[in-house]
There are 2 protein chains.
Amino acid sequence: MDVAHEAGVSTMTVSRALKAPDLVQEQSRERIIAAIAKLGYVPNQAAATLASARSQVIGVLVPSLTNAVFIETLSGIRDYLSEAGYQFLIGETGYSREKEAQLISTYLAHAPAGFLLSSSDQHEILKKHAAMRHIPAVRMFDLGKSNEDFSVGFSQIKAGYTIARHLIDHGYKRPAFLAAQMDPRMLKRREGFRKALQEAGIVADIEVLLPDPTTVGMGAQLLRKVLESWPDCDAVFCCNDDLALGALFECQRRGLDVPGRMAIAGFNDLSWAACATPSITTIITPRYEIGYKAAEMLIDQLRGKAIPKGRLDLGFELAVREST
Amino acid sequence: MDVAHEAGVSTMTVSRALKAPDLVQEQSRERIIAAIAKLGYVPNQAAATLASARSQVIGVLVPSLTNAVFIETLSGIRDYLSEAGYQFLIGETGYSREKEAQLISTYLAHAPAGFLLSSSDQHEILKKHAAMRHIPAVRMFDLGKSNEDFSVGFSQIKAGYTIARHLIDHGYKRPAFLAAQMDPRMLKRREGFRKALQEAGIVADIEVLLPDPTTVGMGAQLLRKVLESWPDCDAVFCCNDDLALGALFECQRRGLDVPGRMAIAGFNDLSWAACATPSITTIITPRYEIGYKAAEMLIDQLRGKAIPKGRLDLGFELAVREST
DNA sequence: CTGAAAGCGCTTACAG
DNA sequence: CTGAAAGCGCTTACAG
């Protein structure tokens, strides 16, 4: 190592000056810092990873990169991890458990320090490796069933329930459930939604679920389907604000008053929800915080801090606006 | 290496079976594959990187993760790179050259095989390392001035010019330029926009540029400013469809007919542009293709393929819709 | 087609 | 507070 030679110390001292400066005499440290600057030295992470058997890389797996929801979660992850000195490898699972397992395998080759996942339960492969090589994982978005593993999110069931209760309380008699992009979280929102309707004695028969990705155009399409099949429908809960925006545009195109003829509720509070005309009632979800807190929980584990508990419920908030 | 022992060959043969199967006898290869499956072997990338002095990781630096534009570019990058067997480290530069240079330094420690950047010109640090360690880089979104370095994108100036010509040709007399998020690409669109107005003998005096990030709410705000200061304005070009959507909502809120009283043009063709009411005239940009082609150009360089030229102009398309 | 030797640049674990 | 030795698990470069 040229830096060691330049500073007149051993490579060990250079290594220590970088990782644990307190253990190095100030004079040595200063000479090392000067040498690093002079030579433009950049430490070789691969060597560090090989020697220490762990890296500063976190494997992050999200369902989709084209969904604004997950992007904000990535921002939260990035903010915490970059502060903590970690990099991350981002993988897109396409909402598939198999794809997620496959990406975990690939990433394992990089000796990641940990994983941030979005599956609703643990993978066998990770259980095996987590036990073997102590690679911790935190799951995001939904809450685990128990405190057995680590998860950060909110109750998708409660969120669906809350929207339905809101619509019922405002006198809507025939609310629809509209969704695209089959995924377990969406199904849980649906579960909560149906539960509230049933409790209120309303038949939960109006729903359209499409497997395709969520887009604004899809929202317009879903609204058309509902109007065709259930002309008496007076409110729609769209599983994502993309769909809600499309539904709003379709109502405008047909001259249907919102919320007079058709109420619209969305989910996530994406950037247009608050300033649409009319503004869109939605559930504000803690997407950024989920990423930030999940990263924090993971790093705390890596650093051996005591973790109070395995589940962190960040909650959500109903934003009542003009569209309902 | 346990796999070598299990298969009764040397570690070298295992290595070859993985990287260059053609060089290994079929029998050996089969035994090695069986041993890998049996033992659940995952190759250690850090060791491979250290030994070969290069990794399968590409450093990708985009201005922002919260902008849908760059996300689609990441999708293109991912599709090409994952097919080619590479991973990528994503960094967010916040539209700052300094931050980009700093991230390059950090990533250099991972011995990346190459870089995909979004700055408008090369960094000193990279020039130094690219020369030293042969780390190639491809720049995305805008086109380089010369064929000296590699870039994939389209002409931002022409795009701005095209929108302005369209507005002029449709008889608008007082078009405004609205933008947020100062960045060099936006300034080039402005340059083209002003040029077209000047050629048509129109004074290009109506513009509002804010440094803050682009959001839908910001679009509404920009439209209010324009109406206050230039009540005779009859058309707005919003530098991004987020802004255009906000401007449309603000017009709806004020009861201004679009395009009768106010024409609105956007940029990028984000998902709502085509299905808004009215649908929004915009420039369709090849975001996904930029990522895909930039990745391809980078990998081709890494594999020593002859690259026809340094600049790849992917063009753009004007989508004329109801809002103008 | 295959293998023995050397080494990539760090860190661990020890000794002082 | 510092350093010499050994080794992490691969690949390179060579020899056969």
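This text goes with the structure placed above it.
Not measured: the values here are computed from a predicted model.

### Looking at unusual backbone geometry
All names here are of chain B.
For step 1, the next point in the chain: Along the chain, V258 connects to P259 via a cis peptide bond; the corresponding omega equals 5°.
For step 2, the next point in the chain: Here P259 is to be found in the loop between helix 11 (241-254) and strand 9 (263-265).
For step 3, the next point in the chain: In this model, T277 is joined to P278 through a cis peptide bond whose omega is -5°.
For step 4, the next point in the chain: For P278, the location among the structural elements is in the loop between strand 9 and strand 10 (282-284).

### Digging into the sheet that holds strand 9 (residues 263-265) of chain A
Strands pair in a sheet through their backbones, by hydrogen bonds, and they do so in one of two ways: parallel or antiparallel.
Residues and elements named next belong to chain A.
For step 1, the next point in the chain: With respect to topology, four strands assemble into an open sheet ordered 7-6-8-9, the strand pairing being parallel. Because the sheet does not close on itself, it has two edges, and the strands there are strand 7 (207-209) and strand 9. Each strand axis lies, on average, 15° off the axis of its neighbour in the sheet, ignoring direction.
For step 2, the next point in the chain: Pairing of strand 6 (residues 175-179) with strand 8 (residues 235-238), which is carried by four bridges, proceeds in the parallel orientation. Each residue of the ladder has a partner; that of F177, found in strand 8, is F237.
For step 3, the next point in the chain: Each of strand 6, strand 8 and strand 9 is contacted by helix 11 (residues 241-254), which is oriented at about 160° to strand 9, the strand it contacts most.

### Quick notes on the relation of the copies chain B and chain A
For step 1, the next point in the chain: With an axial shift of 0.0 Å and an RMSD of 0.0 Å, the rotation relating chain B to chain A amounts to 180°. Overall, the copies show the geometry of a two-fold rotation axis. Rotation axis and chain B: the residue whose C-alpha lies nearest the axis is A46(B), separated from it by 2.3 Å.
For step 2, the next point in the chain: Looking at the interface residues of chain B, 100% of them are also at the interface in chain A, so both copies use one shared face.

### A few points about the interface of chain B and chain A
For step 1, the next point in the chain: Between chain B and chain A, the residue contacts involve 41 residues of the former and 41 residues of the latter.
For step 2, the next point in the chain: A buried area of about 3,700 Å², summed over both sides, lies between chain B and chain A, and 66% of it is on carbon and sulfur atoms.
For step 3, the next point in the chain: Summed over the shared surface of chain B and chain A, the number is four salt bridges.
For step 4, the next point in the chain: E92(B) is paired through a salt bridge with R78(A); the nearest N and O atoms lie 1.3 Å apart.
For step 5, the next point in the chain: Linking chain B with chain A are 13 residue pairs in polar contact (both at pLDDT 80 or more), by the criterion used here.
For step 6, the next point in the chain: Elements with a minimum of two residues in the side of chain B that touches chain A: helix 4 (45-52), helix 5 (68-84), strand 2 (87-92), helix 6 (97-108), helix 10 (216-229) and helix 11 of chain B.
For step 7, the next point in the chain: Among the residues forming the side of chain B that touches chain A, the class breakdown is 22 nonpolar, 15 polar and four charged.

### Here we look at the protein's contact with DNA strand D
For step 1, the next point in the chain: Near DNA strand D lie 24 residues; those nearest to it are T13(A), R16(A), S28(A), S15(B) and Y41(B).
For step 2, the next point in the chain: A distance of 3.0 Å separates a phosphate oxygen of DNA strand D from a polar backbone atom of Q25(A).
For step 3, the next point in the chain: When contributions to the surface near DNA strand D are tallied by element, the ones reaching two or more residues are helix 2 (11-19) and helix 4 (45-52) of chain A together with helix 2 (11-19) and helix 4 of chain B.
For step 4, the next point in the chain: Looking at the surface near DNA strand D element by element, the count peaks at four residues for helix 4 of chain B.
For step 5, the next point in the chain: A per-class count over the surface near DNA strand D returns 13 nonpolar, seven polar and four charged.

### A closer look at the pattern of salt bridges
All names here are of chain A.
For step 1, the next point in the chain: Applying the stated criterion across every chain, the model contains 34 salt bridges over all chains.
For step 2, the next point in the chain: R287 serves as the salt-bridge partner of E72, at 3.0 Å between the closest nitrogen and oxygen. Separated by 215 residues along the polypeptide, E72 in helix 5 (residues 68-84) and R287 in helix 12 (residues 287-302) bring together distant segments of the chain.
For step 3, the next point in the chain: Given the relative accessible area of 26%, E72 is considered partly exposed.
For step 4, the next point in the chain: According to the relative accessible area criterion, R287 is buried, its value standing at 7%.
For step 5, the next point in the chain: In this structure, the salt-bridge partner of K293 is E296, at a minimum N-O distance of 3.2 Å. On the criterion of helical spacing, the pair formed by K293 and E296 is a turn pair, its members being three residues apart in helix 12.

### What to know about helix 9 (residues 184-199) of chain A
Every α-helical turn comprises 3.6 residues, leaving residues that sit three or four positions apart pointing alike.
All names here are of chain A.
For step 1, the next point in the chain: In a regular helix each residue adds 1.5 Å, so 16 residues correspond to 22 Å; helix 9 covers 23 Å between its end C-alpha atoms and thus fits that length.
For step 2, the next point in the chain: Among the residues making up helix 9, those that are buried are R185, M186, R189, G192, F193, A196 and L197. One side of helix 9 carries all its buried residues, which in axial view fall inside an arc of 135°.
For step 3, the next point in the chain: At its buried positions, helix 9 is contacted by helix 5, strand 4 (137-141), helix 8 (156-169), strand 6, strand 7 and strand 8.
For step 4, the next point in the chain: Count one or two residues on from helix 9 and you reach G201, which has phi positive near 75°.

### As for the packing of helix 5 of chain A against helix 12 of chain A
When two helices pack together, their arrangement is given by the angle between their axes and by how far apart the axes lie.
All names here are of chain A.
For step 1, the next point in the chain: Here helix 5 crosses helix 12 at 35°, and the two axes come no closer than 6 Å. Along this stretch, helix 5 crosses helix 12, giving a crossing that reads as right-handed. For the pair helix 5 and helix 12, contact is made by V69, E72, T73, S75, G76, I77, D79, Y80, L81 and A84 and by R287, Y288, I290, G291, Y292, A295, E296, I299 and D300, respectively.
For step 2, the next point in the chain: By residue class, the composition of the contact of helix 5 with helix 12 is ten nonpolar, four polar and five charged.

### Some thoughts on the packing of aromatic side chains
Residue and element names in this part refer to chain A.
For step 1, the next point in the chain: One pass over the full model with this rule turns up 22 aromatic pairs over all chains.
For step 2, the next point in the chain: Each ring, one from F70 and one from Y95, has its centre 6.3 Å from the other, and the planes form 65°; the classification is edge-to-face. Of the two residues, F70 sits in helix 5 while Y95 sits in the loop between strand 2 (87-92) and helix 6 (97-108), which places them 25 residues apart along the sequence.
For step 3, the next point in the chain: One aromatic cluster is present, built from ring pairs that chain together F154, F177, F193, F237, F267 and F316.
For step 4, the next point in the chain: Of note, R189 hangs over the ring of F267, and the distance from its end group to the ring centre comes to 4.1 Å.

### Quick word on the pairing of strand 1 (residues 57-62) of chain A
Residues and elements named next belong to chain A.
For step 1, the next point in the chain: Taken across its six residues, strand 1 has six buried, putting it largely inside the fold.
For step 2, the next point in the chain: Side chains V57, G59 and L61 of strand 1 all project onto a buried face; the interleaved residues I58, V60 and V62 project onto the opposite face, where all are buried too.
For step 3, the next point in the chain: In the sheet, strand 1 pairs with strand 2 via six bridges, with the strands oriented parallel. Opposite I58, over in strand 2, you have F88 as the bridge partner.
For step 4, the next point in the chain: Relative to strand 3 (residues 114-117), strand 1 runs parallel, the two sharing three bridges. Looking at strand 3, one finds that V60 is bridged to L116.

### Topic: the pairing of strand 6 of chain A
Residue and element names in this part refer to chain A.
For step 1, the next point in the chain: Summarising burial for strand 6: five of the five residues are buried, a large majority.
For step 2, the next point in the chain: Going residue by residue along strand 6, you find P175, F177 and A179 tucked away on one face and A176 and L178 tucked away on the opposite face as well.
For step 3, the next point in the chain: Sheet topology note: the strand 6/strand 7 ladder contains three bridges and is parallel. Among the inter-strand pairings, L178 is bridged to a residue of strand 7, identified as V208.
For step 4, the next point in the chain: The β-α-β motif built from strand 6, the intervening helix 9 and the parallel element strand 7 has right-handed crossover chirality.

Criteria and cut-off values
Residues numbered from 1 in each chain as written. Chains lettered and ligands numbered in written order. Predicted model: local features only at pLDDT ≥ 70, side-chain atom pairs only at ≥ 80, totals over all residues. Heavy atoms only, no water. Helix = DSSP H or I, 4+ residues; strand = E, 2+ residues; numbered from the N terminus. Pairing = 2+ DSSP bridges. Axes fitted to C-alpha atoms, helices over the stretch in contact; angles between N-to-C directions. Contact = heavy atoms within 4.5 Å. Least-squares fit on C-alpha atoms with pLDDT ≥ 70 in both. Buried area = accessible area lost by both parts, 1.4 Å probe. Salt bridge = Lys/Arg side-chain N within 4 Å of Asp/Glu carboxyl O. Polar contact = N/O pair within 3.5 Å; in protein donor to acceptor, adjacent residues only side chain to side chain. Nonpolar A, V, L, I, M, F, W, Y, C, P; charged D, E, K, R; others polar. Near = heavy atom within 4 Å. Buried < 20%, exposed > 50% of the residue type's maximum accessible area, 1.4 Å probe, protein only. Expected span 1.5 Å × (residues − 1). Arc of directions from axis to C-beta. Left-handed = near helix turned anticlockwise from the far one by under 90°. Phe/Tyr/Trp six-rings, centres within 6.5 Å; stacked < 30°, edge-to-face > 60°. Lys NZ or Arg CZ within 6 Å of the ring centre and 35° of its normal. Right-handed = clockwise from strand over helix to strand, strands pointing away.

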